[in-house]
Amino acid sequence: MSSVQTTKMSYHRWIICSLLFVATTVNYLDRQVLSLTWKDFIAPEFHWTDADYGTITAWFSIVYAAFMLFAGKFVDWMGTMKGYLWAIGIWSLGACLHAGCGWATMNIQGFETIEAMKAVETGSAAALAIASVSVWLFLLCRCVLAAGEAGNFPAAIKVTAEYFPKKDRAFATSLFNAGASVGALAAPATIPLLAEHYGWEMAFIIIGALGFIWMFFWVFLYDKPEKSKFVNKSELIYINQDDEDAVATSEVKEEKTIPFLKCFTYRQTWAFITGKFFTDGVWWFFLFWAPAYFSDQYGYKSSDGMGIALIITLYAIVTIISIYGGYLPKIFVDKKGMNPYAGRMLAMLIFAFFPLAALFAQPLGQYSAWWPAIIIGLAGAGHQAWSANLFSTIGDMFPKSTIATITGIGGMAGGVGSFIINKGAGNFFTWAEAQGANFTFLGFEGKPASYMIVFCVCAVAYLLAWSIMKTLVPKYKPIIVE
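Residues numbered from 1 in each chain as written. Predicted model: local features only at pLDDT ≥ 70, side-chain atom pairs only at ≥ 80, totals over all residues. Heavy atoms only, no water.

**A closer look at the side chain of Glu149**
With respect to the element layout, Glu149 can be found in helix α6 (residues 125–149). One polar contact links Glu149 to Arg31, side chain to side chain, over a distance of 2.8 Å. Among all residues touching Glu149, those that are not within four sequence positions of it are Asn27, Asp30, Arg31, Phe60, Tyr64 and Trp91. (Helix = DSSP H or I, 4+ residues; strand = E, 2+ residues; numbered from the N terminus. Polar contact = N/O pair within 3.5 Å; in protein donor to acceptor, adjacent residues only side chain to side chain. Contact = heavy atoms within 4.5 Å.)

Encoded structure:
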């Protein structure tokens with residue numbers, strides 16, 4: 001252990017937190033490129049329908065889920081330094097590979113130019129063949145992207161547990177998790193413009209390359225706190241304040257890890273699985289479908305000034321409100337004397353009510369597109385605040401040696417939930433649009449009726465998840481590994 005100075009605490013933990021924030025921002029930028037380009041740039045070239053896009057996003061979710069199941073264990077085994085490098089390197093490569101899908105489809109189908117593919121009659125056998133081939137190619141690239149992105153949150157949550165005491169973890173998590181909102185906020189301001197001026201292919205390449213830059217800073221700045229040359233003795237004692245032996249000796253003991261299959265025997269694991277399964281899909285639905293929603297329902301393309309303004313407003317609300325979501329349990333702990341888990345669960349209950357606003361998105365959208373932008377922003381802010389606290393419950397309950405593994409298991413459940421909602425929504429929207437006035441719900445017809453139904457499902461998901469979690473783990477009960 002290196003001790004640079006002991007009189008004044010160093011603050012390297014916040015430098016590390018900022019790196020996690022940037023990684024999460026890049027993660028969501030890479031994830032958003034497709035959602036912001038498919039409707040107005042990619043679909044016309046490849047003759048995609050909503051069902052095609054729903055298939056791609058759904059399979060991304062299920063592959064992400066499959067890799068999440070093992071990504072956490074991989075990070076625990078490989079170590080945070082190398083595990084994170086592998087994750088961001090793979091997903092950055094996957095992001096860049098998307099740019100080749102148009103060229104590959106053109107050559108496989110025997111067309112000389114992209115314009116020739118685009119000119120094929122919609123609904124013809126040739127158009128269906130182009131759509132089919134391109135969907136499979138994009139799916140392959142999304143699988144590579146999913147494999148890498150699955151490592152982000154297990155690694156980030158593990159780093160947060162390494163660098164922050166329990167009382168600060170939800171706040172630190174909310175700060176780096178705000179990268180998801182900032183990424184989603186920056187995406188509509190940059191990606192459609194890149195696609196408009198340089199082509200959608202360059203949008204994938206430019207955004208994908210950001211991850212390779214991040215890797216350089218990670219290698220230079222990260223090490224475990226007890227080994228880092230940037231962390232002094234005072235900061236190390238602060239970080240390890242939950243461990244009395246570590247505080248007394250300034251040494252950190254290696255913890256025994258919990259075997260992978262044994263993790264499933266704990267109620268605490270199933271509580272986290274429940275929280276992720278019921279709610280991750282809601283966030284991903286908003287993330288993947290919001291640009292198409294504003295284009296479909298209101299005619300504002302993602303590259304139009306109004307379309308960009310709506311998405312930026314949505315994610316600005318998410319970003320500003322969600323940051324304070326992780327600070328709320330700190331207030332409960334410091335000022336109300338609650339234990340961290342009780343404070344977190346109370347905060348999560350409060351934020352579980354935010355998505356109920358989604359019930360009003362479609363009805364108020366009849367008056368102005370700004371209403372659903374604001375309402376979905378509030379629902380998304382509730383999710384991000386909920387998510388920051390949900391992630392932190394792992395550190396409350398499990399030893400640091402197993403945190404990435406549990407994060408991965410929960411992420412797998414979240415990916416499955418996302419697969420269900422995205423695949424279901426894509427097919428549902430295509431079917432409802434074909435039905436037109438023959439399909440109604442709460443006064444809406446056709447596709448608007450299907451959006452209303454999906455918004456209803458999203459609205460109640462959090463309260464249902466919280467109720468099950470509270471039933472499984474009613475009180476603070478950490479797991480001790482003998």
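Once the structure has been displayed, the description carries forward.
**Focus on the nonpolar core**
Of all hydrophobic cores here, the largest spans 146 residues; its most connected members are Trp48, Phe138, Phe285, Trp289 and Trp386. Filtering out sequence-adjacent residues up to four positions away, Trp386 remains in contact with Gly275, Thr279, Met348, Phe351, Ala352, Tyr462, Ala465, Trp466 and Met469. Core analysis: the second largest hydrophobic core is formed by 6 residues, Ala432, Ala449, Met452 and Cys456 among them. (Core = buried A, V, L, I, M, F, W, Y, C linked by side-chain atoms within 4.5 Å. Buried < 20%, exposed > 50% of the residue type's maximum accessible area, 1.4 Å probe, protein only.)

**Concerning the packing of aromatic side chains**
Applying the stated criterion across every chain yields a total of 51 aromatic pairs. Relative to Phe260, the ring of Phe70 has its centre 6.0 Å away and its plane inclined at 25°; by these criteria the two rings are stacked. Of the two residues, Phe70 sits in helix α2 (residues 50–78) while Phe260 sits in the loop between α11 (244–249) and α12 (267–298), which places them 190 residues apart along the sequence. Ring centres of Trp284 and Phe288 lie 5.8 Å apart, and the angle between their planes is 65°; on these two criteria the pair is classed as edge-to-face. Of this pair, Trp284 and Phe288 both sit in helix α12, separated by 4 residues, roughly a single helical turn. Phe288 sits in the buried class, given a relative accessible area of 1%. In textbook terms, an aromatic cluster arises when at least three aromatic residues are bridged by ring pairs, as seen for Trp38, Tyr53, Phe285, Phe286, Trp289, Tyr293, Phe294, Tyr298, Phe429, Tyr451 and Phe455. Over the ring of Tyr64 we find Arg31; its NZ or CZ atom is 5.1 Å from the centre of that ring. Residue placement shows Arg142 over the ring face of Phe60; its charged tip is 4.9 Å from the ring centre. (Phe/Tyr/Trp six-rings, centres within 6.5 Å; stacked < 30°, edge-to-face > 60°. Lys NZ or Arg CZ within 6 Å of the ring centre and 35° of its normal.)

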